[in-house]
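Residue strings, one per chain:
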Amino acid sequence: MLRPSPAPAPALRSVLAALGSPSAVSEARTPALRAAQGPLSAELPLPVHVLGLPAVPEAAVAAATAGPRPPRTRLTGWRFLIRHGDRAIAAADTMLTPDGWSFSHFFEGPYVTATERALIQAEALATPYQPRLLSVPELYMLTLWLHTDTEADGASTAPAPDDLLVPLAPAPPGIASHRPYRVADLLPVIGLRLGPPPLLGSAAGA
């Protein structure tokens, strides 16, 4: 059961403007969008967060000696699935600029299909979740982040231990795609892949 957080109105307007004005963003259109005949819609807005690491070794040492701390994330944009008929054929990203949220680019590829698949799987869960995306750029990894606080602002940046992360295909070797992991279970694994410092500031996650 999914309860999405509403996207900022300017973000949605910018995507709809890009869809409605092909000449203005012709270079940004993907092959699937150029070939599509009929109406396109922007649906299922997802806040995109990036998993952060301590910037300097001293910060990592301080975190390790202070005990477990929640991982850091930062909101980098909002993503909309672009539907044609009954399926998503592309996605649109928006970004925060000095003038507010604005359209960034369209794209297509395996993550579009994987995102739609993961959302359908999550919709069938009995527990309500707020859907988000969590990116780990260092591992070329993207996950559907299912946040347990369905009333939270989509920009809030603290994963809870019982939140679920669903790695999207293609996932890094050794991490199963489309399998739900608890945050408390998967982040230490990601920490091992990234090397020191441990993400949760604990020896067990190093």
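Residues numbered from 1 in each chain as written. Predicted model: local features only at pLDDT ≥ 70, side-chain atom pairs only at ≥ 80, totals over all residues. Heavy atoms only, no water.

Engineer: Whenever I open this one, the environment of Ala 90 confuses me. Can you help?
Structural biologist: Within the secondary structure layout, Ala 90 lies in strand β3 (residues 87–97). The exposure class assigned to Ala 90 is buried, which follows from its relative accessible area of 0%. Considered as a pair, Ala 90 and Phe 80 are 10 residues apart in the sequence and their alpha carbons are 8.7 Å apart. Setting aside residues up to four positions removed in sequence, Ala 90 forms contacts with Thr 30, Leu 33, Phe 80, Leu 81, Ile 82, Phe 107, Glu 108 and Val 112. (Helix = DSSP H or I, 4+ residues; strand = E, 2+ residues; numbered from the N terminus. Buried < 20%, exposed > 50% of the residue type's maximum accessible area, 1.4 Å probe, protein only. Contact = heavy atoms within 4.5 Å.)

Engineer: How should the pattern of salt bridges be read in this particular structure?
Structural biologist: Two side chains carrying opposite charge are able to pair once their charged atoms lie near each other. One pass over the full model with this rule turns up 5 salt bridges. Between Arg 83 and Glu 116 there is a salt bridge whose closest N-O contact spans 2.8 Å. Residue Arg 83 is found in strand β2 (residues 72–84), and its partner Glu 116 is found in helix α4 (residues 110–123); the two are separated by 33 residues along the sequence. The same class applies to Arg 83 and to Glu 116, which are both buried. Between Arg 182 and Asp 185 there is a salt bridge, and its shortest N-O distance comes to 3.5 Å. Using a relative accessible area of 32% as the deciding quantity, one classes Arg 182 as partly exposed. Classification of Asp 185 as partly exposed rests on a relative accessible area of 43%. (Salt bridge = Lys/Arg side-chain N within 4 Å of Asp/Glu carboxyl O.)

Engineer: Teacher, can you tell me more about the pairing of strand β5 (residues 130–136) here?
Structural biologist: Regular strands place side chains that alternate from one sheet face to the opposite one. Counted residue by residue, β5 has 7 buried out of 7 residues, so it is predominantly covered. Alternating residues of β5 divide into Gln 130, Arg 132, Leu 134 and Val 136 and Pro 131, Leu 133 and Ser 135, and every residue in both groups is buried. Where strand β1 (residues 41–52) and β5 come together, 3 bridges link them in parallel fashion. Bridge pairing links Val 50 to Ser 135 in β5. Pairing geometry for β5 and strand β6 (residues 141–147), over 7 bridges, is antiparallel. (Pairing = 2+ DSSP bridges.)

Engineer: Can you walk me through the sheet that holds strand β8 (residues 181–182) in this structure?
Structural biologist: Within a sheet, adjacent strands bond to each other through the backbone by hydrogen bonds, running parallel or antiparallel. Strand order in the open sheet made by the 8 strands is β4-β3-β2-β1-β5-β6-β7-β8, with mixed pairing throughout. Every other strand in the sheet has two partners, leaving β4 (100–107) and β8 as the edge strands with one partner each. On top of the sheet, helix α1 (residues 9–20) reaches β1, β2, β3 and β4; it is set at about 45° to β4, its chief contact. (Axes fitted to C-alpha atoms, helices over the stretch in contact; angles between N-to-C directions.)

Engineer: Got a minute to help me understand α1 in this structure?
Structural biologist: Residue pairs spaced three or four apart in an α-helix point in one direction, given the helix's 3.6 residues per turn. Compared with the 16 Å implied by 1.5 Å per residue over 12 residues, the 16 Å span of α1 between its first and last C-alpha is a close match. Restricting attention to buried positions, one finds in α1 the residues Ala 11, Ser 14, Val 15, Ala 18 and Leu 19. The buried residues of α1 all sit within an arc of 135° when viewed along its axis, so they share a single face. Exposed residues on α1 whose side chains face more than 90 degrees from its buried face are Arg 13 and Gly 20. Next to the buried residues of α1 lie β1, β2, β3 and β4. (Expected span 1.5 Å × (residues − 1). Arc of directions from axis to C-beta.)

Engineer: I keep staring at the packing of aromatic side chains and nothing clicks. Help me out?
Structural biologist: Aromatic ring pairs are reported here in terms of the distance separating the ring centres and the angle at which the planes meet. Per the counting criterion, the structure on display carries 1 aromatic pair. Plain terms: the ring middles of Phe 103 and Phe 106 are 4.7 Å apart, the flat faces sit at 55° to each other, and that makes the pair tilted. Each member of the pair, Phe 103 together with Phe 106, is buried. In this arrangement the basic side chain of Arg 132 is found over the ring face of Trp 145, its NZ or CZ atom lying 4.6 Å from the centre. (Phe/Tyr/Trp six-rings, centres within 6.5 Å; stacked < 30°, edge-to-face > 60°. Lys NZ or Arg CZ within 6 Å of the ring centre and 35° of its normal.)

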